[in-house]
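Survey of secondary and tertiary structure
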Amino acid sequence: MAVFLASAFILTGCGSSKDKAKTMSKQNASLTEYEGLTAEDNKERTCYEVFVYSFADSNGDGIGDLDGLTKKLDYINDGDPISTSDLGCTEIWTMPVFPSPTYHKYDATDFMDIDSQYGTMEDFEELLSECHKRGIKLIIDLPLNHTSNSHPWFTEAATYISSLKEGEKPDASKCKYVNYYNFQEQAHSGYEHLSGDWYYEARFWSGMPDLNLDEPAVRDEIKEILYFWLDKGVDGFRLDAVTSYYTEDKDKSIEFTGWVNDTVKAKKADAYIVGEAWADQSIYSEYYRSGADSFFDFSFSGQDGVIASVVRGSKKASYYAEQLVNEEELYYSIAPETSINAPFYTNHDMARSAGYYAYDDGSKTKLAAALNLLSTGNAFIYYGEELGMRGSGKDENKRLAFMWTTDSTSELSSLVCRGPVDAEKIEQKYGSLEEQEKDEYSIYNYYKNAIRIRNAFPAIAKGRTEIVDSLTGDKTCGFTRKIEGRDDQDVLIVINTGEEAVKLDLSGASEYKTLAAVLTVSKDKVSMKGGKVSLPGYGIAILTK
């Protein structure tokens, strides 16, 4: 195998390109064909979540747009799987792009159009085309459990309901949309006042009236929406708040999720579905009964999840490995043929991760990123996490403008968005992309290396985890990843979650003889000699047979 040597990582299995060959020649390394993960033949990808509003502005109005995202696709993936100039993500998830009265756009007024702040349908089609040219899959966010209270369905239904005389009951023959929502004549928890004695269900807030998903006409509308976007060429959907489809009725919510999945797959068999079931793992794991591909792995995410707990030191390194094994067994027991884990560390509803660790010099933020990207399944990265952006408190603070540059004279300055207007000013500790690109040991470059390693070794995303007990304890853990029938792709992953260097005896996994890739948070090196591997603080080694 070819070996790419750099001060931050070693990577085997890289492919060839003219630009890459120049870099490789400096390291006196040869080249082989790339055999790693791409988006074309699997659903175990690396997905980049984009809030279009705050990502890249193409027209100078301060608001991110689809054209801006298209212009910066090469930042996410330039189409060359062995390039080192891009992040290497193989999928993009855009938060809602539909017309909406709010900045976040989770309350649609039309599910089959593009918000004018973001551009036009032609802009979306161009984005999709350019994604596919680069081998990037594109999934879009669908909040199906509600609409905006400005949606024509609701405004017509609400006007009709408000016109009813005392004692008169709603009649769908007079207003086809009256059964699209849940109206009742008395106050009830989760309902908002409409007029007179009438109330409507709106569990999130008054501007988001809940749809009546039992209504056949509503399901017909949703089928039309799904097929509209599939006909455009989207590669799947992120389903918002699946646990809220039916309040406090898990089985019905799972049934509806299954109906959405079946409807999508009947049209496009290889479409990808990932659902947001913000609940305990014991609950969201049950949603795999729906047949949908993935559900976000909330037990590992956030400042109290498995990853942060291990990095902070409140949980042992062994806990990370144990939880990997436990959840694989859990998901496999429910849906062995269809379940694909969806690990993530943060998202648009969570405080950003760089604020989780007091007095961190970036080392813990980097290690946490690796623990997410070394999980099996389809791993998700929230835009800006690769820069160590910070933001917590109200939602607007978690969705700040992407930091292309802080230099107003830079060519990148035109891309910088203003971000949500109600966001607070938050000090950013680790610098902009433009600054971090120049620093070999920046959080940004660490992310790039971690993603490249994930892509280069398919077993990381597609394999099953087996703990190596002799390598696993309070501050270290070692585990193998194996794909059934592909012994040649087996890897051993060894992680030091402590700040002190360690030396580990590999006799418990002696068949893994090649140091194939490393991740380090500083100039301190990983080394291997005499059947032992030396890991610096927060260091990670990938070994092959």
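Our structure's up above, just so we're on the same page.
Here goes a summary of the coordinates provided. Being a predicted model, the structure only gives us computed values, none of them experimental. Within any chain, residue numbers begin from 1 and follow the written order of that chain's sequence. Reporting of local features is limited, given that this is a predicted model, to residues whose pLDDT is at least 70; pairs of side-chain atoms are given and counted only at 80 or more, and all residues count toward the totals for whole chains, interfaces and linings. Here the side-chain values reflect all heavy atoms present in the structure, with hydrogen atoms and water set aside.

With that out of the way, let us pick up the side chain of Asp141. Helix and strand assignments come from DSSP, with helices taken as H or I runs of at least 4 residues and strands as E runs of at least 2, each series counted from the N terminus. In this structure, Asp141 sits in strand β5 (residues 137-142). Using a relative accessible area of 1% as the deciding quantity, one classes Asp141 as buried. Polar contact criterion, stated in full: a pair of N or O atoms within 3.5 Å, where within protein one must be able to donate a hydrogen and the other to accept it, and residues adjacent in sequence count only if both atoms are side-chain atoms. Side-chain polar atoms of Asp141 contact the side chain of Tyr106, separated by 2.7 Å. Of note is the side chain of Asp141, whose polar atom sits 3.0 Å from the side chain of Arg238. Under the scheme applied here, a residue whose accessible area is under 20% of the maximum for its type counts as buried, over 50% as exposed, and between as partly exposed, the area being computed with a 1.4 Å probe on protein chains only.

Here Ser309 shows up in helix α10 (residues 306-312). A relative accessible area of 9% places Ser309 in the buried class. Here the side chain of Ser309 touches Gly305 through a polar contact of 2.8 Å, landing on its backbone oxygen. By the convention used here, residues are in contact when the closest approach between their heavy atoms is within 4.5 Å. In contact with Ser309, other than residues within four places in its own chain, are Asp304, Ser314 and Lys315.

Turning next to the nonpolar core. Nonpolar core, defined: a set of buried Ala, Val, Leu, Ile, Met, Phe, Trp, Tyr and Cys residues in which side-chain atoms within 4.5 Å join the residues together. Core analysis: the largest hydrophobic core is formed by 152 residues, its most contacted members being Tyr48, Phe55, Tyr75, Phe237 and Tyr320. The greatest single-element share of this core, amounting to 8 residues, is contributed by helix α14 (residues 443-456). Counting residues in hydrophobic clusters, the runner-up holds 15 residues, among them Ala509, Leu515, Val518 and Val526.

Think of a sheet as strands paired side by side through backbone hydrogen bonds, with each pair either parallel or antiparallel. Strand order in this open sheet of 5 strands is β13-β14-β15-β20-β17, and the pairing throughout is antiparallel. Across the chains shown, the open sheet's two edge strands, defined by having one partner strand only, are β13 (464-467) and β17 (514-519). Averaged over all pairs of adjacent strands, the angle between strand axes in this sheet comes to 25°, irrespective of strand direction. Think of each axis as a best-fit line through the C-alpha atoms, taken over the contacting stretch in the case of a helix, with angles from 0 to 180 degrees between the N-to-C directions. Lying on the sheet, helix α11 (residues 317-334) is in contact with β13, β14 (476-482) and β15 (491-496); it crosses β14 at an angle near 30°. Where helix α12 (residues 363-373) meets the sheet, it contacts β15, β17 and β20 (540-544), and its direction lies at approximately 155° from that of β15. Pairs of strands are assigned from DSSP output, requiring at least two bridges between the strands.

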